Amino acid sequence: MKYMTLPITRIPTGVAIMLGQLGHDTDDLTIILGMKAPWLFMKEGDRYLAGAALFQPRYLNLYLVPHGFRMTEATLVKKEVPAYLRAHGTAMLPLAVAKGISHPVVFAGYKGGRYGFINIKSVGSDEPDTLSLTAAMLQHRLAEQLTVFTLEGCPPQAVGFIPLLSQSLDNLTAYQADVMAVLKQTVTRETLRGLGTRLFSALLQGMLPMAVLIGDPELTEGLRLLNHDYRHIFTHNSPEAVQLEERLPRSAIRECISWLHEDMVDQLCECGMTDEQVMQLCCGQR
């Protein structure tokens, strides 16, 4: 039984379970480090994505493809799910595992008219390890529409991480400029929710668990303090609008971004970029 290292590693743990079904033994931490999630800082449209937000097929395939696998996804209505599962050797999908608890599980096979599932959970969790459901029971536990992830074999192909890490450095530089500009604003609760999704979650929620996983104490503590400040921008007695820079210290944000920048540079060196190339890249960002 494979367990989650942290609560946010449910998806990589599910991928590890599926890979085990296909004969490839690994774990969530190996997948996260192999896809370099702690050091990737991406931008899609006007939204920044980093760390734990990258647990989706496009980025998980950075680990999978070199090992001869590829993740695909299909959006289904729930009546289509049973036939889809029977047609695939392995799958991961959201399921109500207990009353009030719904999260991804891994399909374990169909036998005797019942669908088996492996629960993705933490060590010591009271949730069941496995579930065995009839078609009717399965339908009852599914959302009306859901996304099902599967793995398929593919020719192994190496992934070049230097372009992705270089782009991450560029994105991080742009991110700092965007955050510093936003800090000048006076925001309402509603405005902050939008900024949280588009901007702040990448650093504060995406990268904090990654800092914990790689054992970076300075970045971990810095992000924990920033998260505390961010959660308390608005309190019960707050005015309707507040000046962001009065609640989120610019110096603390710059410091965390600087530590993350250093970690990304170290990864570029580990991937084979020379010190001279790194210096040229960093000078080009100024």
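Definitions and limits used
- Residues numbered from 1 in each chain as written.
- Predicted model: local features only at pLDDT ≥ 70, side-chain atom pairs only at ≥ 80, totals over all residues.
- Heavy atoms only, no water.
- Helix = DSSP H or I, 4+ residues; strand = E, 2+ residues; numbered from the N terminus.
- Rg over C-alpha atoms; globule rule 2.2 N^0.38 Å.
- Buried < 20%, exposed > 50% of the residue type's maximum accessible area, 1.4 Å probe, protein only.
- Contact = heavy atoms within 4.5 Å.
- Areas by Shrake-Rupley, 256 points an atom, 1.4 Å probe, with all protein chains shown as cover.
- Lys, Arg positive; Asp, Glu negative; His and termini not counted.
- Charge placed at Lys NZ, Arg CZ, Asp CG, Glu CD.
- Phe/Tyr/Trp six-rings, centres within 6.5 Å; stacked < 30°, edge-to-face > 60°.
- Lys NZ or Arg CZ within 6 Å of the ring centre and 35° of its normal.
- 1 Å grid on protein atoms, 1.4 Å probe; cavity = no way out; pocket = protein on both sides within 12 Å on 5 of 7 lines; lining within 4 Å.
- Points joined across faces, edges and corners; volume = space filled by probe spheres on them.
- Nonpolar A, V, L, I, M, F, W, Y, C, P; charged D, E, K, R; others polar.
- pLDDT = per-residue confidence, 0-100.
- Salt bridge = Lys/Arg side-chain N within 4 Å of Asp/Glu carboxyl O.

A count of helices and strands for the chain gives 11 helices and 10 strands. The C-alpha atoms of the chain give 21 Å as radius of gyration, which agrees with the globular expectation for 286 residues (19 Å, within 12%). For the chain, the spread of C-alpha atoms along the principal axes amounts to about 60 × 55 × 35 Å. The 286 residues of the chain split such that 47% are buried. At a minimum sequence separation of 6, the contacts of the chain that also span at least 24 residues come to 64%. Approximately 13800 Å² of the chain is accessible, and the part contributed by carbon and sulfur atoms is 52%. Averaging the coordinates of the 25 positive side-chain charges in the chain and doing the same for the 29 negative ones gives two points 10 Å apart.

Below, the discussion takes up the packing of aromatic side chains. Aromatic ring pairs are defined here through the distance separating the ring centres and the angle between the ring planes. A full pass over the atoms with the stated rule returns 7 aromatic pairs. Between F41 and Y48, the ring centres sit 6.0 Å apart and the planes meet at 50°, which makes this aromatic pair tilted. Consider the rings of F107 and F117, whose centres lie 5.8 Å apart with planes at 55°: the pair is tilted. Within this pair, whereas F107 is found in strand β5 (residues 101–111), its partner F117 is found in strand β6 (residues 114–119), the two being separated by 10 residues in sequence. A residue is classified by how much of its surface remains accessible, and F117, at 1% relative accessible area, is buried. An aromatic cluster of three or more residues is present, and its members are F107, Y110, Y115 and F117. The ring of F161 carries K36 above its face, with NZ or CZ at 5.4 Å from the centroid. Over the aromatic face of Y110 sits the side chain of R86, whose NZ or CZ is 5.6 Å from the ring centroid.

This next bit is on empty space enclosed by the protein. Counted by the stated rule, this structure contains 1 cavity of 30 Å³ or more. Of the voids in this model, the largest cavity is the one considered here, and its volume is about 50 Å³. Every residue along the wall of the largest cavity is listed here: Y175, V179, F200, L203, L204, L226, L248 and I253. Elements with a minimum of two residues in the lining of the largest cavity: α6 (161–182) and α7 (189–206). Of the residues forming the lining of the largest cavity, the biggest block, 3 residues, is contributed by α7. Along the lines of polarity and charge, the residues of the lining of the largest cavity split into 8 nonpolar, no polar and no charged.

Low pLDDT marks regions whose predicted coordinates should not be analysed in detail. Chain-level pLDDT for the chain is 93 on average; 99% of the residues reach the 70-or-more range. Mean pLDDT in the chain bottoms out at helix α11 (residues 275–284), which sits at 71, and peaks at helix α3 (residues 57–64), which reaches 98.

This part is about the pattern of salt bridges. As enumerated under the stated definition, the model contains 5 salt bridges in all. Between E44 and R58 there is a salt bridge, and its shortest N-O distance comes to 3.3 Å. Taken together, the residues E44 in strand β1 (residues 41–44) and R58 in helix α3 connect sequence positions 14 residues apart. We note a salt bridge from D129 to K121, for which the minimum N-O separation is 2.5 Å.

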